[in-house]
Amino acid sequence: MLISIALTALALASSQVAAHGGVLSYKFGSTTYQGFQAYNSPAGQKSIQREWDTYNPITDPTVPEIVCNTNGASLGAGQLSATVAAGTKVVATWNQWPHTIGPVMVYMAKCPGSCTSANPASLSWFKIDQAGLISGTLSTGLWGQGQLVNNANTWTSTIPASLAPGEYIIRHELLAVHTSNIPQFYPECAQLIITGSGTAQPSGSYLVKFPGAYQFSDPGVTINVYANPDQTNYTIPGPAVWHG
Ligand SMILES: *[C@@H]1O[C@H](CO)[C@@H](O)[C@H](O)[C@H]1NC(C)=O
Ligand SMILES: [Cu+2]
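Keep in mind it's a predicted model, so treat the numbers as computed, not measured.

A. Spotlight on the site of ligand 1. What surrounds ligand 1 is the set P219, I223, Q231, N233, Y234 and T235. The contact in question runs from a nitrogen atom of ligand 1 to an N or O atom on the side chain of Q231, over 3.2 Å. One of the side-chain N or O atoms of T235 is found 2.6 Å from an oxygen atom in ligand 1. For ligand 1, whose accessible area on its own is 360 Å², the fraction buried by protein is 50%. Considering only residue class, the shell around ligand 1 consists of three nonpolar, three polar and no charged.

If you want it as structure tokens, here you go:
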């Protein structure tokens, strides 16, 4: 009885794990950092990634979890930050990603002091990279997530070379839109210490809060990609990309 309950729970957990996911590791130059191990206690874990506890999607862009997933907490003594020069390429690697319809977006936010003590919801986020519908139609075209899958579940972005040094959080986000009118957000956050001699900082309309950046009414958030199968335009939600 107990064994069969345990096996059922395990089968359920692994089927959910197979259906969704998140960023498992980050590579900067030749250095790879393992992410937080979701489904495990944060006790004893050391990672540059903030805690996230489930591979499941967030389907409401206005909930607190939208910023750094459930629960996005600092790992305290186990919280690391990767020291990276501005201009470095960031390669994020997901689990075997099952979705190919929807955009990829990457954000950063500067912490007022130490990121380890920062509340991500209080930060001002700017977008450094995105890919929506790259070619073809909404229902059969190549999307950012299709390209991510084609690239062995990885996505490569460049930290703007002119970005001022300091402590930052980087936020990778997949928005899967294969389920009609039910957006699936998959954000994960990690901490960086940016070095360099840059002085650039985004301002004004480049900066957004999470929650706050997205609404259900955004054309790229609540969308049925099968309703207009020949349509070739898609509006990626959130601010314009800041290139430095
Ligand atoms: C595509 O363009 C049409 C016409 O301008 C617009 O109404 C629609 O919201 C756009 N779709 C998306 C997903 O951005
Ligand atoms: Cu999924």
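B. Examining the pattern of salt bridges more closely. Applying the stated criterion to the full structure yields one salt bridge. When the shortest N-O distance is used, the salt bridge between R171 and E173 registers 2.8 Å. Under the relative-accessibility criterion, E173 is labelled buried at 0%.

C. How the structure looks around the coordination of the copper ion (ligand 2). For the copper ion (ligand 2), the full set of protein donor atoms is A19 (O), H20 (ND1), H99 (NE2) and Y186 (OH), and the range of their distances to it is 1.8 to 2.7 Å. Between consecutive donors of the copper ion (ligand 2), the numbers of intervening residues give the motif A-H-x78-H-x86-Y. H20 sits in the buried class, given a relative accessible area of 14%.

Rules used throughout
Each chain carries its own residue numbering, running from 1 in the direction its sequence is written. Each chain gets a letter, beginning with A, and each ligand a number, beginning with 1, in the order they are written. Note on the predicted model: pLDDT of at least 70 is required for a residue's local features to be given, and 80 or more for side-chain atom pairs to be given and counted; whole-chain, interface and lining totals, by contrast, use all residues. Water and hydrogen atoms were dropped before computing side-chain values, which therefore reflect all heavy atoms in the structure. Any residue with a non-hydrogen atom lying within 4 Å of a molecule or strand is treated as near it. Identification of polar contacts relies on pairs of N or O atoms within 3.5 Å, with a donor-acceptor requirement for protein atoms, meaning one able to donate a hydrogen and the other able to accept it, and with residues adjacent in sequence counted only if both atoms are side-chain atoms. In this description, accessible areas are obtained by the Shrake-Rupley approach with a 1.4 Å probe, and a residue is regarded as covered only by the protein chains that are shown. Classes in brief: Ala, Val, Leu, Ile, Met, Phe, Trp, Tyr, Cys and Pro nonpolar; Asp, Glu, Lys and Arg charged; the others, Gly included, polar. Any carboxyl oxygen of Asp or Glu within 4 Å of a side-chain nitrogen of Lys or Arg constitutes a salt bridge here. Burial classes: relative accessible area under 20% of the type maximum marks a residue as buried, over 50% as exposed, and values in between as partly exposed (1.4 Å probe, protein chains only). Any N, O or S atom lying within 2.8 Å of the metal counts as a donor, with the limit raised to 3.2 Å for Na, K and Ca; because water is left out of the atom set, some sites can appear incomplete.

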